[in-house]
Amino acid sequence: MEYASDLYEKGKILALYVLDKKRTFVLSGIAKQESPPSAFYAFLNQTRKKYFMNYLDLLQASISEEDRTDFLAEETFQSYSQGRNGFEPADVLSIPRIVNKAFMELIAGMVEAGDADSEAGLGASMIIGELLGEAETIRAQSFVQTRDEVIKFYHSYQEEIDRFPDNLAATLDPQTLMLSALRKATDLVGADRCAIFSRDLLTNVLHLEVSNFEHQGVLDEGPTKFDESLMNDLVYKGKPVLVKGYQRSVPLITAIMKKMKTKVLLVVPLMVRGRNVGIMLLENMERPELFTPETTRLAVRFANRVAVSVENARLHGSEQRKLKETIALLEVSRLVSSTLDVDVMLSRLVQITADVCEVVECIAYICMEDGRICPTASFGVLSENGWKPDPRDYIMPSDLSDEEFESLLSQKKLAISDPRLSPFVPDGFSDIVKIETVLTIPIYSREKLLGVTVLLYSISGDELESEDLNLINAISRQAGVALDNASLYEDLEQSYFSTIKALARAIEVKDPYTYGHSEKVTVYAMAIGTRMGLSERELKNLKYASALHDIGKIGIAKKILNKPQSLSDEEFNYVKTHPQLGDSIIELIPFLQESREIVLYHHERYDGKGYPEGLKGEDIPLGARILSVADSFEAMMSDRPYRKALPLPEAEGELETHSGTQFDPVVVKALLGVIAEGGLEEKPVSDSSESVEAVDEIEVGKDLSP
C-alpha cells in the first residue's frame, strides 16, 4: 500500500514511539485468555512476557530499518515449527492478530486522550496493520505447506506399516517395541540370533538394547565399539554390511564373531530420515548362505521401519516426560504461591516429586535451629505400608554419611549415597522393597539451609537420569522459596499477634480477678476443637479468636467491669457492645479476618437469645459456638468478685442444664468428653506477653453471659 509521505512519516514515528516507550501498555493489552488454549501456549505462559517482548523487538526493527525480511522469516519459522508439532491453525495464526488488536486499542486510546495526532494514529495503525496482516498471511501459507508435508509423511509411513501383519507402532514404549522388532526380524529374515543397539550420536559408541542370545559372553561389559571402517558404511553411508570370515581389517567385529562362533554376520543400520540411530545385528550359524541380496534388502527395509517406530516412541516418551515435568513445575509454582502452610505444601511437593521421578519414597525434612533434621512429609511405597514421618525420629548432622554431610554444606550440590550408610532410610522395610540409592538435595534460600529432600530409589545411582536430577533441583529451589516465605509470614503473623495480645493485657490490668482467663479459654477451646476434628486452619483461627475474644472490653469503663453489684440495663447494654468493639479492633489485620466472626458472635446463644444479632443454632459459626462453651466453663471454674469458683461437677451440671438453649449440645458433649478423659490438666499461666490473653466475665445462674 502506498502512503502519503507525511502520513507515513508521522505514523512511523508514532509506531516506533509506542513500541519503544509504550511497550508495557501493548503487552498488558495482550490478554492471557486470548492466547491459544494449547499445551504449547500453556507452557508459553510461563515465559509469556519474554516471548512477546522478542516479537515486538522484531516488529520494531522491521519498521525502523524498513526491512521486513527478519521479521517475516521468523514468522515463517514459527509457523513451520508449530505446524510440525501438530498445533491447530488458530494457535498459529492468532499471534499477529492479538498483537495487532492490542496495538490498535492503545493507538485509539492515545488519539482519544489527545496524546497522539489523529493522522499519526492512522498512519501507525496502517503500518502495523499491514505488517502484521502480511505476517498472518505468511504464517497461513507456511502452516498449510508444513501440514501437507506431515500428512504425506504419515501416509507413506502408514503404507509401510500395512505391509506387515504386526503393527510395531502399536506401543509407544521403546523397550517393548524393540523386543517386538527383534522377534519379528528373526521370523522375517530367518535369522537365528539378533541384537539391536542404539548409537551415541556424538561418540559412535553402541549400547545394547535387546538381544536373543547370551550376549554377556560375546560382548564386553558396558558400551560396544565397532571398527571405524564398518561404522563409516553403517552410519555415514547408511549401507548394510555383510561380514564374511574373520578379517584382519575389522578386528573388533571379528572378535565378536569368534565369540559367537559364526563366520557370517549381517549388520544393518537403523536409519531415520537419513540419520543413523542404531544398528541391528543378524546371524544364522546353521545357514551362512541365508543373507542373499533379496534378504538383505528386506532386512534393510524392516530395520528402517523399526528405526522410525522406535524414534517416534522415544520422541513421544520425551515429549510426554517434558509435558509431565512442565505440569509438575507449574503445579509446584501454583502451590508455592497459593499456600503458606508448610505441612500442606511439603505434603504436596513430596507427592509431585515421587510421581514424576518414580521413586520408592520421597521424604521432606526440615532443619531446626538446634541442628536437628526432622522428617515432616513423605509419599511412596513405605508410606503406603505404614511408615509415617515422626519429628521425634530426627537426624543430627553427625549421623550423616560423608557424601550427605558435604551436600548440606553446598547450596547447589546433591548427594548420591549408599543406603547402608544413610540415616535417611527407615528401618524395617527391606522385606517390602529393596533400596539401592539414596539421593539427598539440600533446600536453601538466601544461603540458609532450610531442609532436605530425600529420594529413595530401587535402581543404582548410575541409572539416574540427568532430567530427573534437574527437575528435583528445580523443585527443591521452589521449596526453599516457599519455606522462606512461610517463615517470614509466620514471623510477621507472630509480631501482629503479640501486639494485639499486648493490647489485651490492658483488660487484665483493669480486672486482676480475670488474669489468665483468655489463656485458659484458649486451652479449653483448642481441646474441644481437636476432639471435634477441626482442621489445622480452623484450629488456628479458633486459637486467635479465643486469645482475643474479649479485646473489645478495652473500650468498656473499668468501674463497670469491676462492679460487684448487678449491672443496670443501661450498663449491661453497654457491656454487650464489646464483641462489636473487638471486631472493629481486628478488622484491619489481614491474618485475623477468619477469626473475626468468632469474636463477633461468641455471645450468641443456641436458642437465638444471644447478642449482638440474635443468631440461632447452626447459623452461629462453629468456632463461636465452641468459644461460647469454653468461655462460660472457664468463668464458672474461676473466682470472681461476686462469687467463688464452682466445683467441677456443678460446672458440668450447668453445662448440661443449658445444653440446647444457651449452648450447642454437640460442643457441650465434646467438652464433657475431654473432661472425662482427663484432657484438661491444670496448666500454669505464663506471665509473659506471649501468653497473656484477654478476659471475660461469666455470671453463673441467670444467663452464664456477661
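Residues numbered from 1 in each chain as written. Predicted model: local features only at pLDDT ≥ 70, side-chain atom pairs only at ≥ 80, totals over all residues. Heavy atoms only, no water.

Enquirer: How would you summarise the overall build of the protein chain if you had to cite specific residues and measurements?
Expert: Regarding its fold elements, the protein chain presents 24 helices and 10 strands. Counting all 706 residues of the protein chain, 47% fall into the buried class. Of all intrachain contacts in the protein chain linking residues separated by at least 6 positions in sequence, the fraction that spans at least 24 positions is 65%. Accessible surface computed for the protein chain: about 35300 Å², of which carbon and sulfur atoms make up 52%. (Helix = DSSP H or I, 4+ residues; strand = E, 2+ residues; numbered from the N terminus. Buried < 20%, exposed > 50% of the residue type's maximum accessible area, 1.4 Å probe, protein only. Contact = heavy atoms within 4.5 Å. Areas by Shrake-Rupley, 256 points an atom, 1.4 Å probe, with all protein chains shown as cover.)

Enquirer: So what's going on with the packing of aromatic side chains? Residues and values would help.
Expert: Counted by the stated rule, this structure contains four aromatic pairs. When the centroid spacing of 5.9 Å and the interplanar angle of 70 degrees are considered together, the rings of Phe197 and Phe226 count as edge-to-face. Taken together, the residues Phe197 in strand S1 (residues 193-199) and Phe226 in the loop between strand S2 (206-211) and helix H9 (228-236) connect sequence positions 29 residues apart. Phe226 matches Phe197 in its accessibility class, with the two residues each being buried. When the ring centre of Phe213 is taken as origin, the NZ or CZ atom of Arg193, which lies over that ring, is 5.9 Å away. The ring of Tyr394 has Arg372 sitting right over it, with the charged end atom 5.5 Å from the ring centre. (Phe/Tyr/Trp six-rings, centres within 6.5 Å; stacked < 30°, edge-to-face > 60°. Lys NZ or Arg CZ within 6 Å of the ring centre and 35° of its normal.)

Enquirer: So, the nonpolar core: which residues are in play, and what are the values?
Expert: The tendency in soluble globular proteins is for nonpolar side chains to be buried side by side. Counting 33 residues, the largest nonpolar core has Ile528, Leu592, Ile626, Val629, Phe633, Leu655 and Leu671 as its most contacted members. If you list the elements that add at least two residues to this core, you get helix H16 (517-531), helix H17 (536-548), helix H21 (596-601), helix H22 (622-636), helix H23 (648-657) and helix H24 (665-676). Dropping the residues within four chain positions of it, Phe633 is found in contact with Tyr524, Leu648, Ala651, Leu655, Leu671, Ile675 and Leu680. Ranked by size, the runner-up nonpolar core spans 31 residues in total, among them Ala15, Leu19, Ile95 and Leu131. (Core = buried A, V, L, I, M, F, W, Y, C linked by side-chain atoms within 4.5 Å.)

Enquirer: So what's going on with the pattern of salt bridges? Residues and values would help.
Expert: Summed over the entire model, instances satisfying the criterion amount to 21 salt bridges. Lys21 serves as the salt-bridge partner of Asp20, at 3.9 Å between the closest nitrogen and oxygen. A salt bridge links Arg139 to Glu75; the shortest N-O distance between them is 2.7 Å. Of this pair, Arg139 sits in helix H7 (residues 118-162) while Glu75 sits in helix H5 (residues 69-84), placing them 64 residues apart in sequence. (Salt bridge = Lys/Arg side-chain N within 4 Å of Asp/Glu carboxyl O.)

Enquirer: Pulling in residues and values, what's your account of the packing of helix H1 (residues 5-21) against helix H6 (residues 89-112)?
Expert: In contact at an axis separation of 12 Å, H1 and H6 are set at 110 degrees when each is read in the N-to-C sense. One finds that H1 runs roughly perpendicular with respect to H6. Facing Leu14, Ala15, Tyr17, Val18 and Leu19 of H1, the residues of H6 in contact are Phe103, Leu106, Ile107 and Met110. Taken together, the residues of the contact of H1 with H6 sort by class into nine nonpolar, no polar and no charged. (Axes fitted to C-alpha atoms, helices over the stretch in contact; angles between N-to-C directions. Parallel < 35°, antiparallel > 145°, perpendicular 65-115°, else oblique. Nonpolar A, V, L, I, M, F, W, Y, C, P; charged D, E, K, R; others polar.)

Enquirer: For the pairing of strand S10 (residues 448-457), give the residues involved together with the corresponding values.
Expert: Burial runs high along S10: eight of the 10 residues are buried. Relative to S10, strand S6 (residues 361-367) runs antiparallel, the two being bridged by six bridges. Along S10, the bridge assignment pairs Ala364 with Thr453. Here nine bridges tie strand S9 (residues 437-445) to S10, and the two strands are oriented antiparallel to one another. Bridging across to S10, Leu439 finds its partner in Leu455. (Pairing = 2+ DSSP bridges.)

Enquirer: For H17, give the residues involved together with the corresponding values.
Expert: Here H17 contains 13 residues, and its C-alpha end-to-end distance of 19 Å stays within 8% of the 18 Å for a straight helix at 1.5 Å per residue. Along H17, the residues that are buried comprise Leu539, Asn541, Leu542, Tyr544, Ala545, Ser546, Ala547 and Leu548. (Expected span 1.5 Å × (residues − 1).)

Enquirer: Lay out the sheet that holds strand S4 (residues 264-272) with the relevant residues and their values.
Expert: An order of S2-S1-S5-S4-S3 is seen for the five strands of this open sheet, with the pairing classed as antiparallel. Looking at the sheet topology across the chains shown, the edges are occupied by S2 and strand S3 (241-244). Between one strand and the next, the sheet's axes are offset by a mean angle of 25 degrees, whatever the strand orientation. In terms of strand pairing, S4 meets strand S5 (residues 275-283) through seven bridges, oriented antiparallel. Paired with Leu266 across the two strands is Leu282, which belongs to S5. Seen against the sheet, H9 touches S1, S2, S3, S4 and S5 and runs at an angle of roughly 40 degrees to S4. Running at roughly 125 degrees to S4, helix H10 (residues 251-260) makes contact with S1, S3, S4 and S5 of the sheet.

Enquirer: Describe the side chain of Ser422, listing the residues and the values that go with them.
Expert: On the secondary structure map, Ser422 appears in the loop between strand S8 (415-417) and S9. On the basis of relative accessibility, which here comes to 7%, the residue Ser422 falls in the buried class. One polar contact links Ser422 to Glu404, side chain to side chain, over a distance of 2.5 Å. Among residues more than four places away in sequence, those in contact with Ser422 are Glu404, Ser417 and Val438. (Polar contact = N/O pair within 3.5 Å; in protein donor to acceptor, adjacent residues only side chain to side chain.)

Enquirer: So, H10: which residues are in play, and what are the values?
Expert: Among the residues of H10, Ile253, Thr254, Ile256, Met257 and Met260 are the ones counted as buried. All buried residues of H10 project into a common sector of 160 degrees when viewed along the axis, lining one side. Lys261, located one to two residues past H10, shows a positive phi value of around 60 degrees. (Arc of directions from axis to C-beta.)

Enquirer: Talk me through the sheet that holds strand S7 (residues 373-380); I want residue IDs and the actual numbers.
Expert: Read from one edge of the open sheet, five strands run S7-S6-S10-S9-S8, paired in antiparallel fashion. Since the sheet does not close on itself, it has two edges, and those belong to S7 and S8, each with one partner. Mean inter-strand twist for the sheet, computed between neighbouring axes without regard to direction, equals 20 degrees. Alignment of S8 against S9, held across three bridges, turns out to be antiparallel. Within the sheet, the bridge partner assigned to Ser417 lies in S9 and is Val438. In the packing of helix H14 (residues 402-409) onto the sheet, the strands contacted are S7, S8, S9 and S10, and the crossing angle to S9 comes to about 20 degrees.

Enquirer: So what's going on with unusual backbone geometry? Residues and values would help.
Expert: The residue after Tyr611, namely Pro612, is reached through a cis peptide bond having omega 15 degrees. Mapped onto the elements of the fold, Pro612 is located in the loop between H21 and H22. One non-glycine residue, Glu66, lies in the positive phi region at around 55 degrees. Summarising the element assignment, Glu66 is placed in the loop between helix H4 (48-64) and H5. Note on Glu66: relative accessible area 48%, which makes it partly exposed. A positive phi is found at Lys261, a non-glycine position, where the angle reads about 60 degrees.

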